[in-house]
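# Per-entry structural report
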Amino acid sequence: MWSQDTIGSLQVVESNGYCTDTSSLAIRTNIGLNEFGLRNITLFPNPTQGKVFISADEPLGAIQVYAATGSLVTSKNTNETSVQFDFSNLSAGVYWITIGTERYRLVVMH
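First things first, this report covers the structure right here in the doc. On a predicted model such as this, the values are computed, not experimentally measured, just so you know.

The 4 strands lie next to each other as β6-β5-β8-β9, forming an open sheet whose pairing is antiparallel. The two strands at the open ends of the sheet, each matched to only one other strand, are β6 (72-78) and β9 (102-108). Adjacent strand axes in the sheet meet at a mean angle of 20°, parallel and antiparallel pairs treated alike. Bridge analysis of strand β5 (residues 61-67) against strand β8 (residues 93-99) gives 5 bridges, and the strand direction is antiparallel. In the strand pairing of β8, isoleucine 63 is matched with isoleucine 99.

Looking now at unusual backbone geometry. Outside of glycine, negative phi angles account for most residues, and trans bonds account for most peptide bonds. Residue proline 45 is reached from phenylalanine 44 by a cis peptide bond, and omega for that bond is -10°. With respect to the element layout, proline 45 can be found in the loop between β3 (41-44) and β4 (51-56). Residue proline 47 follows asparagine 46 across a cis peptide bond; omega there is 10°.

Turning our eyes to something else, we now look at the nonpolar core. The biggest cluster of nonpolar side chains holds 19 residues, and the ones touching the most others in it are Ile54, Phe87, Ile97 and Ile99. At the level of secondary structure, the elements contributing two or more residues to this core comprise β3, β4, β5, β7 (82-86), β8 and β9. Contact partners of phenylalanine 87, with chain neighbours within four places excluded, come to Gly50, Lys51, Val52, Val65, Thr74, Ile97, Leu106, Val108 and His110.

Before going further, it helps to spend a moment on the sheet that holds β3. On the basis of which strands lie adjacent, the open sheet formed by 3 strands has the order β3-β4-β7 and antiparallel pairing. The sheet is open, and its two borders are formed by β3 and β7, each paired with just one other strand. Across the sheet, the mean angle from the axis of one strand to that of its neighbour is 15°, orientation sign disregarded. By the bridge criterion, 5 bridges tie β4 to β7 in an arrangement that is antiparallel. Bridging from a neighbouring strand, lysine 51 pairs with aspartate 86 of β7.

Reading guide: rules and limits
Residues numbered from 1 in each chain as written. Predicted model: local features only at pLDDT ≥ 70, side-chain atom pairs only at ≥ 80, totals over all residues. Heavy atoms only, no water. Pairing = 2+ DSSP bridges. Helix = DSSP H or I, 4+ residues; strand = E, 2+ residues; numbered from the N terminus. Axes fitted to C-alpha atoms, helices over the stretch in contact; angles between N-to-C directions. Core = buried A, V, L, I, M, F, W, Y, C linked by side-chain atoms within 4.5 Å. Buried < 20%, exposed > 50% of the residue type's maximum accessible area, 1.4 Å probe, protein only. Contact = heavy atoms within 4.5 Å.

On their own, these measurements won't tell you what the molecule is for.
Here it is, written out as C-alpha cells:
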C-alpha cells in the first residue's frame, strides 16, 4: 500500500567559510495506518459465555488465544475474513486474542 510519492524536498547548505555541507530531505506522502498492520477487526460478543465471532476487512491470518497466565489455549491460521471460536469449555476469566500484531482482551463468563 505504501508508495514513495515525493511531494517536496528541502535542502540545507551549511558553510563556515572553509567547508560546506549539504543535507537533503525528501517529503513523502501516502503514509497510512495499513502500513503498521492495523486492521478493522470486530470481535463479539465480549464478554462471552461461549461462542465468539471475529471478522475483518481482510484475511485474518494467524490467530492465537492466550490465558491470563500467558499459556497458549488455542490457535488457528485462516485465509478467511471471519471465524468462530467456541469458548464454552474454558474457565471464566480474562483471555488475550492475538491477530497478527494486534491484541484484544476477551472476558469469558459462565
